[in-house]
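Residue-level structural notes
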Amino acid sequence: MTGVPGGQVRLHWYGSLRPRMRRGHEIELLESGEQYFPALARAIDQARESVFLETYIFEEDASGRAVGAALERAARRGVRVHVVVDGFGSARMAPHFVQALCAAGVRFEVFRPERRRWSLDRQRLRRMHRKMAVIDGAQAFIGGINVLDDFHDPRRGALQHPRLDYAVRVRGPLVASAHLAAVRLWWETATVNRVARSRARAQPTGVPLQFPESVHSDVFSSGRTGAALMLRDNLRHRRTIERAYLRAIGRARHEVLIACAYFFPGRRFRRALLSAAQRGVRVRLLLQGRVEYRLQYYATRALYEPMLRAGIEIIEYRRSFLHAKVAVIDRWATVGSSNIDPFSLLLAREANVAIEDERFARLLRERLDRAIHEGGVRIGLDSYARRAWTTRFKNAAALALLRFGVALSGRGAEY
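Residues numbered from 1 in each chain as written. Predicted model: local features only at pLDDT ≥ 70, side-chain atom pairs only at ≥ 80, totals over all residues. Heavy atoms only, no water.

A few words now on the packing of helix 5 (residues 240-251) against helix 6 (residues 267-278). When two helices pack together, their arrangement is captured by the angle between the axes and the distance separating the axes. Following both chains from N to C, one finds helix 5 and helix 6 inclined at 15°, their axes separated by 9 Å at the closest point. When the axes of helix 5 and helix 6 are compared, the pair comes out roughly parallel. Two packed elements cross with a definite hand, and for helix 5 against helix 6 that hand is left-handed. Where helix 5 abuts helix 6, its residues Y245, L246 and I249 lie against R268, F269, A272, L273 and A276. Partitioning the contact of helix 5 with helix 6 into residue classes produces 7 nonpolar, no polar and 1 charged. (Axes fitted to C-alpha atoms, helices over the stretch in contact; angles between N-to-C directions. Helix = DSSP H or I, 4+ residues; strand = E, 2+ residues; numbered from the N terminus. Parallel < 35°, antiparallel > 145°, perpendicular 65-115°, else oblique. Left-handed = near helix turned anticlockwise from the far one by under 90°. Contact = heavy atoms within 4.5 Å. Nonpolar A, V, L, I, M, F, W, Y, C, P; charged D, E, K, R; others polar.)

Taken as a class, soluble globular proteins show a tendency for nonpolar side chains to be buried jointly. Counting 55 residues, the largest nonpolar core has I142, Y166, L286, F360, L364 and L368 as its most contacted members. With 12 residues, the single largest contributor to this core is helix 4 (residues 174-201). The residues touching L286, leaving out its near neighbours within four places in the chain, are I258, A259, C260, I315, E316, Y317, L322, L368, A371 and I372. Judged by nonpolar contacts, the second largest core, of 46 residues, contains V256, L273, W332 and A354. (Core = buried A, V, L, I, M, F, W, Y, C linked by side-chain atoms within 4.5 Å. Buried < 20%, exposed > 50% of the residue type's maximum accessible area, 1.4 Å probe, protein only.)

Further remarks concern helix 2 (residues 62-76). An ideal rise of 1.5 Å per residue puts 21 Å on 15 residues; helix 2 measures up with 21 Å between its terminal C-alpha atoms. Restricting attention to buried positions, one finds in helix 2 the residues S63, G64, V67, G68, A70, L71, E72, A74 and A75. At its buried positions, helix 2 is contacted by helix 1 (32-46), strand 4 (50-55), strand 5 (80-86) and helix 3 (95-103). Backbone geometry just after helix 2 places G78 at a positive phi near 100°. (Expected span 1.5 Å × (residues − 1).)

Our next topic: the pattern of salt bridges. Inspection of every chain in the model, using the stated rule, returns 22 salt bridges. The salt bridge partner of R284 is E255, with a shortest N-O separation of 3.2 Å. Of this pair, R284 sits in strand 15 (residues 282-288) while E255 sits in strand 14 (residues 255-260), and the two are 29 residues apart along the sequence. We classify R284 as buried; its relative accessible area is 6%. Each of E255, R284, R365 and D369 takes part in a single network of salt bridges with overlapping partners. (Salt bridge = Lys/Arg side-chain N within 4 Å of Asp/Glu carboxyl O.)

Before going further, it helps to examine the packing of aromatic side chains. Using the criterion set out here, one finds 10 aromatic pairs in the structure. Centre to centre, the rings of Y297 and Y298 are 5.0 Å apart; their planes meet at 85°, and the pair counts as edge-to-face. Judged by relative accessible area, which is 14%, Y297 ranks as buried. Taken together, the aromatic side chains of Y36, F37 and F141 make up a single cluster linked through ring pairs. The lysine or arginine in question, R290, covers the ring of F321, its NZ or CZ lying 5.6 Å from the ring centre. One Lys or Arg, R387, reaches over the ring of Y384 and ends 3.9 Å from the middle of that ring. (Phe/Tyr/Trp six-rings, centres within 6.5 Å; stacked < 30°, edge-to-face > 60°. Lys NZ or Arg CZ within 6 Å of the ring centre and 35° of its normal.)

Moving on, we get to the environment of A244. One can find A244 in helix 5. Remark: the alpha-carbon pair of A244 and L180, spanning 64 residues in sequence, is separated by 21 Å. Setting aside chain neighbours within four positions, we find A244 in contact with M230 and W332.

On to the packing of helix 2 against helix 3. In the contact formed by helix 2 and helix 3, the axes pass within 9 Å of each other and the chain directions differ by 25°. Compared by their axis directions, helix 2 and helix 3 come out roughly parallel. Note on packing geometry: the crossing formed by helix 2 with helix 3 is left-handed. From helix 2, G64, R65, G68, L71 and E72 reach across to helix 3, where they touch F97, A100 and L101. The residue inventory of the contact of helix 2 with helix 3, partitioned by class, reads 4 nonpolar, 2 polar and 2 charged.

This part covers the pairing of strand 11 (residues 166-171). Most of strand 11 sits out of view: 5 of its 6 residues are buried. Sheet analysis places strand 3 (residues 22-31) next to strand 11, joined by 6 bridges and oriented antiparallel. Paired with E28 across the bridge in strand 11 is R169. Alignment of strand 8 (residues 139-143) against strand 11, held across 4 bridges, turns out to be antiparallel. Bridging from a neighbouring strand, A140 pairs with V170 of strand 11. (Pairing = 2+ DSSP bridges.)

That's the geometry; what it means functionally is another story.
As structure tokens, then:
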């Protein structure tokens, strides 16, 4: 990396994206779409040069149309706008919605399009699960929030209460890494799709897409907060996010508070939580309390008993759907797209921000405590032990099925 601190930063195209905890960040916590979407739309409206947006789901609902309109306005005034959606998560994206974006000049790509819906190919599970936007190489939005309205569920329709999720807006050094990651993902996806389209039409690809030798970002030191970008992929960064969690839990002295929508940790992760509880650390897990996906829900509940016996507090969020993937471990915190389950930790492309700052940790803890108070139900060992035999059967069956699925990936011994 070269450049003047507080000015232009140039990262080489093939430079490392290993996480580096550095100070000089300003980080704003955004809770759910009510705070996230207006902030994102304003940033896109203020963009002068480039916008990169990555999302697993891009739904044509009220929030999706607002973000789409901001992207179209930016493209029409000459901003280079790039959007990457996942081929499975956004498989139902309306063609007319995509066409409107492209007609405005948005460069739109689909990561691993669903070409064979019922294929058992393991590669179909390697999804792009990141939720990240980088504006002008100067600020980044990173978290767990899809472009999906808080009060809308694609499978269930209207929700009475908003989905609980978080993201952060970041200014500072890590934005340069986020910018490089976004440019590389868009270029890789565009190149693969262009080749696939050419093969389907039996025509040559024409002039290849050119990538720059470096990516320039307009990065300024914007505060004193320490932060690092953590990426997960299937090449160099397979265990980055999981290892960061394990290090933080291993160092914890006072508190581990994790909020996770889909929670099915491996043996090492479970041992780390049990060890923390045994040495007197208060360990709390805020988990999904509504049945969204039956397999994950019942398999997760099969893991409760040893944790409850060790003194780990388990709270299920039942006010609405929980979609958060965040944690506070003493003064260390993380916000991002990665669940603590095999899909996120073994297969998907993910992006989290790790933050070392007492004030931010306190703020996130307060938000989670409020969510627990407003919509959490504490699970007691006695009530869990008295659950019906039919529920026990569902727990055992789901656990066996999920472990069998992980075994097919070659990592069954870890779960």
